[in-house]
Each structure stands twice: as C-alpha cells, then as structure tokens.
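# Analysis of the macromolecular model
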Amino acid sequence: MTKRRGDLDLDAAGRQMHGLMTELYPLCRSITGQGVRETLARIAKHVDLQVHEVPTGTPVLDWTVPREWNIRGASVRDPSGRTVVDFADSNLHVVGYSTPVRASMALAELREHLFTLPERPDWIPYRTAYWAETWGFCMRHRDVEALEDGDYEVVIDSTLEDGSLTLGEYLHAGTTTDEVLIHCHTCHPSLANDNLSGIAIATYLASRLRGRETRLSYRFLFLPGTIGAITWLARNEDVLGRIRHGLVVCCVGDPGPFTYKRSRRGDATVDRAAAYVLGRRGVEHRILDFTPWGYDERQYCSPGFDLPVGSLTRSPNNAYPEYHTSADDLGFVTPEALAESLDVYLDLLDVLEHDLAYRNLSPKGEPQLGRRGLYPSIGGDRAGDRQLALLWVLNQSDGDHTLLDIAERSGLPFDELRWAAGQLLEHGLLAPA
Amino acid sequence: MTKRRGDLDLDAAGRQMHGLMTELYPLCRSITGQGVRETLARIAKHVDLQVHEVPTGTPVLDWTVPREWNIRGASVRDPSGRTVVDFADSNLHVVGYSTPVRASMALAELREHLFTLPERPDWIPYRTAYWAETWGFCMRHRDVEALEDGDYEVVIDSTLEDGSLTLGEYLHAGTTTDEVLIHCHTCHPSLANDNLSGIAIATYLASRLRGRETRLSYRFLFLPGTIGAITWLARNEDVLGRIRHGLVVCCVGDPGPFTYKRSRRGDATVDRAAAYVLGRRGVEHRILDFTPWGYDERQYCSPGFDLPVGSLTRSPNNAYPEYHTSADDLGFVTPEALAESLDVYLDLLDVLEHDLAYRNLSPKGEPQLGRRGLYPSIGGDRAGDRQLALLWVLNQSDGDHTLLDIAERSGLPFDELRWAAGQLLEHGLLAPA
Amino acid sequence: MTKRRGDLDLDAAGRQMHGLMTELYPLCRSITGQGVRETLARIAKHVDLQVHEVPTGTPVLDWTVPREWNIRGASVRDPSGRTVVDFADSNLHVVGYSTPVRASMALAELREHLFTLPERPDWIPYRTAYWAETWGFCMRHRDVEALEDGDYEVVIDSTLEDGSLTLGEYLHAGTTTDEVLIHCHTCHPSLANDNLSGIAIATYLASRLRGRETRLSYRFLFLPGTIGAITWLARNEDVLGRIRHGLVVCCVGDPGPFTYKRSRRGDATVDRAAAYVLGRRGVEHRILDFTPWGYDERQYCSPGFDLPVGSLTRSPNNAYPEYHTSADDLGFVTPEALAESLDVYLDLLDVLEHDLAYRNLSPKGEPQLGRRGLYPSIGGDRAGDRQLALLWVLNQSDGDHTLLDIAERSGLPFDELRWAAGQLLEHGLLAPA
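Below, the structure is looked at part by part. (Residues numbered from 1 in each chain as written. Chains lettered and ligands numbered in written order. Predicted model: local features only at pLDDT ≥ 70, side-chain atom pairs only at ≥ 80, totals over all residues. Heavy atoms only, no water.)

## Section: the sheet that holds strand 16 (residues 258–261) of chain C
Residue and element names in this part refer to chain C. Quick reminder of the rule: Being paired, for any two strands, means DSSP has found at least two bridges between them. A helix here means a DSSP run of H or I that spans at least four residues, while a strand means a run of E at least two residues long, and both kinds are numbered starting from the N terminus. Angular values range over 0 to 180 degrees, each being the angle between N-to-C directions of two axes fitted as lines to C-alpha atoms, with helices fitted over their stretch in contact. Contacts are assigned to residue pairs with any non-hydrogen atoms lying within 4.5 Å of each other.
Overall, mixed pairing links the 8 strands, which are arranged 3-12-14-13-15-18-16-17 in an open sheet. The two strands at the open ends of the sheet, each matched to only one other strand, are strand 3 (50–55) and strand 17 (285–288). This sheet shows a mean twist of 20° between the axes of neighbouring strands, independent of strand direction. Summarising the sheet, strand 13 (residues 179–185) and strand 14 (residues 217–223) pair through 7 bridges and their orientation is parallel. Looking at strand 14, one finds that I182 is bridged to F220. Its contacts with the sheet put helix 2 (residues 34–43) on strand 3, strand 12 (164–172) and strand 14, and the angle it makes with strand 12 is roughly 20°. The sheet contacts of helix 9 (residues 335–354) involve strand 13, strand 14, strand 15 (243–249), strand 16 and strand 18 (309–313), and relative to strand 15 the element is tilted by about 175°.

## Some details on the environment of H401 of chain B
In plain terms, the rule: For the exposure calls, accessible area comes from a 1.4 Å probe over protein chains only, and a residue counts as buried if that area is under 20% of its type's maximum, exposed if over 50%, partly exposed in between. Under this definition, polar contacts are N or O atom pairs within 3.5 Å; protein pairs additionally need one hydrogen-donor-capable and one acceptor-capable atom, and for neighbouring residues in sequence, both atoms have to be side-chain atoms.
Relative to the assigned elements, H401 of chain B resides in strand 20 (residues 398–402). Of the residues examined, H401 of chain B reaches a relative accessible area of 24% and is grouped as partly exposed. Spatially, the C-alpha atom of H401 of chain B lies 7.5 Å from that of Y358 of chain B, the residues being 43 residues apart in sequence. Contacts of H401 of chain B, omitting those with residues within four sequence positions, involve L356, A357, Y358, Q396 and I406 of chain B together with R264 of chain C. Separated by 3.0 Å, the side chain of H401 of chain B and the backbone oxygen of Q396 of chain B make a polar contact. In this structure the side chain of H401 of chain B is engaged in a polar contact, spanning 3.0 Å, whose partner is the side chain of D398 of chain B.

## Some words on the relation of the copies chain C and chain B
Relating one copy of the chain to the other requires a rotation about an axis plus a shift along that axis. Threshold: When the copies are superposed, the least-squares fit draws on C-alpha atoms of residues that have pLDDT of at least 70 in both.
Turning chain C through 120° and shifting it by 0.2 Å along the axis lays it on chain B, with an RMSD of 0.1 Å. The symmetry that links the two subunits is that of a three-fold axis. No C-alpha of chain C lies nearer the rotation axis than that of D267 of chain C, which sits 12 Å from it.

## Quick word on the pairing of strand 15 (residues 243–249) of chain B
Residues and elements named next belong to chain B. Across the 7 residues that make up strand 15, a large majority, 6, are buried. Of the strand pairs in this sheet, strand 13 (residues 179–185) and strand 15 are connected by 5 bridges, and their pairing is parallel. Bridge pairing in strand 15 places L181 opposite G246. Two elements, strand 15 and strand 18 (residues 309–313), share 4 bridges in a ladder whose sense is parallel. When the sheet's bridge partners are listed, G246 is paired in strand 18 with V309.

## Some points on unusual backbone geometry
In this model, D194 of chain A is joined to N195 of chain A through a cis peptide bond whose omega is 20°. Not every positive phi belongs to a glycine, and H324 of chain C is a case in point at roughly 55°. Residue placement: H324 of chain C occurs in the loop between strand 18 and helix 9.

## Here's the deal with the pattern of salt bridges
We count it as follows: Any Lys or Arg side-chain nitrogen located within 4 Å of an Asp or Glu carboxyl oxygen qualifies as a salt bridge.
Scanning the model with the defined rule gives 99 salt bridges over all chains in all. Among the ionic pairs, R272 of chain B bridges to D405 of chain B, the shortest N-O distance being 2.6 Å. One end of the pair, R272 of chain B, is in helix 7 (residues 269–281); the other, D405 of chain B, is in helix 11 (residues 403–410), and 133 residues separate them in sequence. Given a relative accessible area of 22%, R272 of chain B falls into the partly exposed group. Notably, a salt bridge pairs R82 of chain C with D78 of chain C, separated by 3.5 Å at the nearest N-O pair. According to the relative accessible area criterion, D78 of chain C is buried, its value standing at 12%. Residues joined in a network through salt bridges with shared partners are R5, R281, D343, D347 and D350 of chain A.

Shape is all these values report; function is a separate question.
Written as structure tokens, this is what we have:
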C-alpha cells in the first residue's frame, strides 16, 4: 500500500528524491567550481532558482571569497607504472582544493600527502584543504599498506584561479514577509547522505510550494558550507530581521532515528515545534542542545546574528561510521527514509505556518457552544477530542498563547486545535490576536 | 479508637456527612427545579444559607437562564402492558430536562431515545439534555436487550416552564476581605460521590466555621453545574477581586487516592498548598495540571476571570467506572473516606489561613535565641525540629517568603513553622511583612 | 607514584597538613581562651595572620562578647577515692564553659551533670554550655554505668572572667578588591575532622598564595563558631560588599565523599562552580540545598547579609557517627583525604579566579581561525577539544556569559576554555566584557 499524506504520494516522492540524488552523485562539487554550478543547474529544473556568482577576492565578514577550484583528473603511478589511485574512480580520492602537482617522489614523501582510515581499511575518507596551499590523496588504507618503496609519479590536474563562488537561492513569497529559512550545503562531492539528501529534500519542498498561497515566506538557500553561508549573510544583512524560523537540512536519507539540534536560543518556536512534531509521531528521536559545531547553523547562530535556526537530521554529523567516507554512497540512503524525512519536514512546516495566537471574544466563562452546534446535545458522557480542542483553544486564547503553546499544554494534535480555531473564528468567538 | 483532629471527632463527622448524603440522595436534582430547592433547604438546617432565585430568561454572560424543569413521573410500558422502566425506581432513568411525552411508538423509534452502557449492562447511565428540546430514558443495557418488537407506551410527566434558577451561598466573614471560595455543584440527581459527597464536605466546613474568628473570609457556593457558575459569576463580578484561593469540591466520598487538579495559573498558592498538604500526609495521590474540562473550575479559570481555583477530589471525573452511573450510590461512598477528605480539606484551609509572610527584625546574623529561652542551654547535639523551625523562619523572613514557601523549602511541618513564627512574634524578633 | 598538581606535590601537602593537625590536636580550644590564642600563634608560623582581641562585654549585633573561659584541670573521684574521669586524659571530658566547681555530691546529683552516648558506650561526646551558668562532664557511657552509689568529689578548676574573644584574619590582596572569603572555625577542642582539617586546608591555601599575583583578593578567617562570625560581621560591615564568593571549610579530612552545601541564594557563582568542579572530577559527591543549620554559613547567609557563601566538606555535620565525639581523632582523618580536598579546593578557586566574561570582536559568523593558525589546515575530520573550545568561547562571548557558563553549557573542561580565551585575546578576536 502506498503511503500518502493528503494529496501527496510519499512513496513516489521518495523515489523522485532518490532519483535526483542519483543524477547529482557523480558531480565533483567543492566550495567553488563547475561541480556546484552544474548541481544548481539541475536543481533549477525543479525550482525557479536565482544563481549568484560572487567574485574571488570579495571581502565577506571576516573572510575573503577564495580562488575558484576546478579539477580535470589526478592519479598516482607506482614504480612499476601501475596506477594506484585515480580521480576517475572517485572524486573523494583527491583532497578538495589540492593545488596542481606534476612530480615524481619517493614513497616516504608521498605518504605525507596520503589520508586513510586505518580502522576502516576499505573506505576512502573525505578531506579538504580549502585554506591551505597543499595537496593530497585520500585512499583505502588497505591500498596504501600495499605500496612498495620506490619513486611514484604524482599528477593533479587542477586549477586554482580567480573566478567566483556560486550561490543558489529561491524565495517563495507568502502573504507576510515573515520568513522560514531552509538551508542546505552544496559543497560535498560524491557523498550521498551528506548532503545530496538535504539538497533533495530542500528541492522537493521548494518545488511543492509552487502555486500555493502561504502566510509565511519561504527562503531556500543552496550554499557551499561555511564560506557560502558567510557570503550570503554578508550580502543579506537587511533580510535577516525577517527570519522567524530556520532549518539546516542535511543527513536526511539514512534510516537512522531523527535528531533535532536546537538553535542557540534553545527555546525558539522552531525548537519547540520540532520537539512537538517528533514527540507526536511517537518515533525514536533525539533532541540535542546547540553546539557551535556541525553545519551552517554555526554561522546563523553566531552571537552577532543569533537567528532561530536549528537543524533537523537523521543520523547527524560524526554520529555514523559512514560519515565523510566513500561508504556514504547511494546505497546508504533509501527512498523510504527520504519519504519519511519529507513527511516530518512537512509536519514541521505545517506547525510553523499555522502557529498563530488568537483572542477569545467571549472570555468570561465558557461561551454556550451548544446553541452554535459545536457541542453534543446530550450531556453526561465523556468529551471527545474535538470538544476538548474547542475548550482548550477558548481557554488559552488570551492573545499570548499560540496553537503550538496550546498543543504542548493540552497534548492534543496540532491539527485538531487548528480545526477548532477555524470553527471558533467562523462563529465569531475568536479573533486573531 | 476514634480518629481525632484536635477537638474534632473525625469518625463522628464522617457518619454525620454520610447521614446528610443519605437524606439528600432520593431528591431529583437538576440544574433547576424543586429538587435543588429542597436540597438547599436541608443544607440550610446546618448553614445560614442565602438562597437566590434568578428568573428564566435572565441573560448571564454568553448564556440565558433556562426554563425551569420539574418532573412528577415517567415510564415505558411494553406491548404486553408491563412497565419496563419507571422513574419511581430511579431518577436516573429519565434524561435530565426531558420534554413532556405521552405517546405510543414502535420499538425502533423508542430505541433512538434509550441510553445504556453496553460494557456495564446492569448499570443505568446518567444523561442530560439541558439545551436541546428532546427526551430520553437511561436504562440497564440488559433490560433493553430483552425488549421485544411491538408498540410501547411512553409517558414523561415533566414540565418545562418559566421559573427560576436556584443558587445557594454562604459567606463567613473573616477579619479581612480576602476570600477563599468553596464551590460544589448541586445539579446531579441520585449520584452519591458526584456530588452529594462534595455537598456534604462543603456543608460541614461551612457549619464548622460558625463562631470562629478567621483572618480570611470563606464563601461557599452551592450551584448547579455550568449555568449556576455562569450565573453566579455574571452577578458577582465585583466580588471576584477578593478571591485569593478557590476549591471545587466534588467526588470526595470514595476510597480512591486523592487527586488535586491545579488552577489554570498552575502555581497559585492553593496549587502549592494542596501539593504540600498531600505530600506531607505521605499518602498516594496525584497532582494534575489544569484542563478546561471537569467541573466548574472551567468557568472560574476561563481566561476572562483566570481565578486561582483548583479542584481537590479523590477519584476525579471519568476516572472511575461508577462515574455518572447508578453504581455511584450510597454504598460507593464511605464515612471513613468522607472523614479523611474532611481532614485533608481542613489541613489545606489551615495552610491558606495561616500562610503569611513575616519580616525578621534582627536579620543580621542569628539573634541570640538562648537568652530568650528559645534554645537549649547545652550545645553540641543534633538540632530538634522546633529549633530548626525557629532558624528557618528567621532565615527566610525577609518579607518575601510566606510560611508555605518556608515549609516547601525546609521540608518541615507547616504547624511547626507556624508555632515558630508565633514564638518569634512574641519575642519581638518578627513582624508581619 | 606521587600525586602532583602542576608544581605541587599533593602527597607532601597532605602529610604537611596532617602534621599541623597533629600539632594543634592537644590544645584545649573553646570560643575564647588560651587554647584559641595558642592555635592562632601556630598558624601564624605559616600565614601572616592578623590577630584581633575583642573585649568581654562588647556588643556585637544581637549578642555580647562573653567572658573568657580557661581551664587548668578537672576530675571526679568516686567514694573509694579513685579518679573516674580526668580532664588530663581528654579535654572533651569537660563541658565547654563549665563554671568552676569544688564539691562533694551523691551520685544521683552528679548524674544530672554527666553526658554520654548510650548507643556508642566507648566514645566521649562533645558538649558545650557557652551561654548557661552550668557545668558538666562528658564520659564514656560504659564508665558511667559502672559508677557505684556514694559521694563523689567533683573539681573543675576553670575560670570565667573578663578577657577577650580572639579572631584570626589574613587578607591576600589581588589586583581587584573583589574578594573570596575562606572561613574556618577554631573553637573545637580535640576533634580532628571538625575542624582541625578545615584549619589545615585554610592555612595551606593561605600560605600558598604568598607571592602570587591574583585577580581576586582572598580573605581567610579563623574564628570561633557563631560568636566569632557574629563578632567579625559586626566589625566588618564595610567589607561585606566586596565579597563575591565565600566558602566555609570544615570536615575535609575524612575519606567520605565530597558534599557541597549551597548558599542561601542557591545559584551563586560559587554554588555553580562547586557543582561543576565536583561533577567534572567524576567522583561520588552530593550537592545539598542551603539550610540555616550546620556551620557559620548560617551567619553569612542570614537575611540581613545574604552573602554568596557555601560550604564544601566531605562528610558534613551530623552525617558521620564520629561527629562531635572522641572518635573524631587523628586516626579518623588521613593525609590522602586532606590532599584530595586541597586539590578540589584549588580547582574551585581556579574557576572563581578565572571566571570572566568576554566579548567576541568578530561576532557575525565565525572568524576565519585558519589564517590565524588556530584551525587545522586539513578539514573533514572530527573536531578536537581545543577546536571546540575556541568555537564555544567565540559563540557564547556576547558579554553575558562567563567561562563557567560556557563550561556548564559545553561540557568542556574549564582549563580548555581558559586556554581558548587566552588564544582569542592574543589574536584580537576577544575583549574583556
């Protein structure tokens, strides 16, 4: 049986998202370069994306936009001429931002440029050197162990030249300028969960908004990690005051339990809404306090901005062995996990979209619901959820409590409270606060 | 051995309260009518009750005082002429506020007016239809199952006419106008725990105050559920500012563990005092958060009033199978349970009455208690409770902390702290805050 | 292997402190008299102590400085002339402040002046009668049981005469006048844990500060219990505003788990620092709420002063059977326990000394640590503690959070955060708040 969510076929959505990931997987992304541009071009088939190019050398906050990095190929040949590592096999083999190299060297010297995972000898690690003039290869530990003494031929056919940093952005305008920020990072090469999964969910959420009328505006950012967020923040300080809620989307394709990491504030609406939504689903999940580590919530939550941005993942960074290795591949993520993540994101955005406060217009005693057809005519029996929802909304609507507040206090489903608020508005018993 | 509380024989009090319940049990109460009037007349033998009659049609907040309902009898005869249900056997048999009926009808039509409890086939449910023009019978499920096809003769000899709503009220004036509100509902017919037990406790508490000097004023309300509270609130808005603490008394005669339901505020003094008193007794009990369901705390705690009114029951509404059925009878409630409930209510009122803040007049360092005879002359041994009570009251009496605050923080019995405050007042070391 | 703490040999320090206790143990201390004077004279060999003599009759807060008590000897001889109790065997044998006695009396009369511990028949209790004109002997219960009828010769060769109360004080001046108060009581006779252990730790801490530059000033008080603290407070009200943190040091020589008793405020920095330090050590410990009982925290935390003074002990008052008995002797305390207590006190004082708030000078986004050499050049791997410490200090340094706040929130060691703050200050990324 297909899993549905109203008009949405979740199974089909899961397959679509996995399809997009499969299409994007081979591209060699980094914080700049053709791989990012090509990635954004493919996302733009689904979303009306604005692409910004920010030139090398542009000062952004405490940083400077770096030179653009591109790579055509890279390999190492052993003394017998056999190719022992080749970029063509996996773009993880080359340390990101490796400088061009064409040299012959002894194994001992080469070793200083090799990165492996001794405890996972068959996996290739993911390493970068964005801000250092260096180069390196990431290899299976088993392969490095087998290398013999002698001279090796090393080639990295890369360029590091003035160019630009590429940012993708999409704004769905709501009836208000209050914004939800949805951020995903686009800088990782062939790693599936981190973060093609986040790109896939963000793309799906953005495309689904097309043609829908919403109260909130939704801003989607497809940015390289750290420098991308820094650059976007530097260029958009005037926008920041509109951001009411924000989410960093990543690691949402693996079948692990959900993990929500709170914003620096710790009690932002998005923090409470995420805890409520995960709690109501009754699935295993974890709520973590903010730490200034992880993904770009670090930048949004720096003390000079302190935006209400949390991060909803499944297994988060460093919490699964495949993280930042070649084992984070297309087999590690599943359409089912993507579909469930989408469902949770939609639940969460539903709460944010409809979390309003109301004012009871008949606040002294209960209004007589019976004569308005909102109460059963026979009394004495146990109250149903809808009756309780009406009473809770009336009781708490003093202008200070939003529907999420009432949901938390009452333990009732958010949707029932939203229905009750709608009924009471219609009968003139409630007004927006 | 009889259970005593100072000068009070609790066992005898329990028997007296059960006696009053036995006297009131047969009367057919509803939200209006002779049954309520007769009930208040019998309470008035113990308490100097003021009775208010509010005419049908009077607007009260969002409601209107309904027509008065009275009933002389009701029955259903089966096709063979046998009486299958008779109001004379139990006033629960007729749905409260049933319109007059005199008709013959097929079983199928009759069935739409029959209410039963399939899972409790020998019990009669309690149902009402105050605000709908309808009628019905409540029956044992087993009896309805045995009905055979054919025409039934249905008679409900009731009247629904302009009249009045009857409210009972008693105010014990204290030395201050700060008030404790004690509310019980008087609208339920032959149901013992809900709420003849509450009526009995409230009557006992009110009668016991006669001739006693108290600091607080105590207002007792004997009102029909919902419409009674709505009506009283509508007519007494000028009084509400004096209400410092309030309690809805009901379901206090069964032997279940005590349950305290907090006011909407959640941290009112009465909420903390109830938790403290139940905690100190060391008996099984539950403290529940406010919900806008249950009894008339819903009205007092509506957002336009938001009074500090909680509810102290034993098994609360919907929490015991006998609730709102014929099994909530005089055998379900016991004199022992009533006596214990009285004892807890007296503990709680004691705390409220004496919960004052003081100011230490020698606040720098400890005053020398020894030279005032308040400290043992030999030192080095462990301190006793009275010594600790003196030290706690001195330490915390900065004008902000009441004796309840100190009791909560110290874990000492409230009575010891009250004793200590008395001693320190006498020795000029303390003053009212 | 010797336990070290930086340049400090903890084992040697433990032995030194036990040596000082052994030296002070035989002296007969009380709240006044030669025993206290002699004790302070020996402490003054290690610490540049100021000694204050406050004359008998001086009014101090609600009290008056009492007459000075001294004792040369005391004994009881039984009808056969045998000495059954002798002050020369233990200064605990005489109730502190016993009036002079030279009398013959029957056993029955004598018994009213004898104190024993029936449940510990071989231990002598510790009792005092500072504020009553009485006398008494403290004896092994077993010995009292063996007394035979007849007349007893009782001699207490004591004096109660005008003299003075003796206070010891040492102030280590820091670069600021913000003070840490370290208090220990000096009035107990031959009792080791209570409180020669506190005297030994305080003496060690004070002597170790010699020649060190500190931010905070450290005030050490060596005072008789209650009347000493009352007298010091009465004479030093102008100093109290400088006290930022305070600790009552006692019962720190037994091997029991650490116990921290919070100040009356409950959330003073010293309360949080003590909980943090004990928590980080990963040893069994207890954190207790303030009670106005115990030691002189009672006086500092009286409502007229309400100073942030807690008490860090091992087994606290009344919590071990040896408390206030002859079993609290030099064998009950160990050099190892003293050394560990010293280590904990030094940890705690380190936190207080360095607990400052800073302001991130690059608060928008993360500053680029890499180009300042504060970040590894190769990315993608797990962050180390030092990297996290830098990020935490940057993220939380908005001027409101101190390093202790950050330590509590991050779970990182205080020392790492202090290191990180130092690095960031040096690179101009941080300023004092």
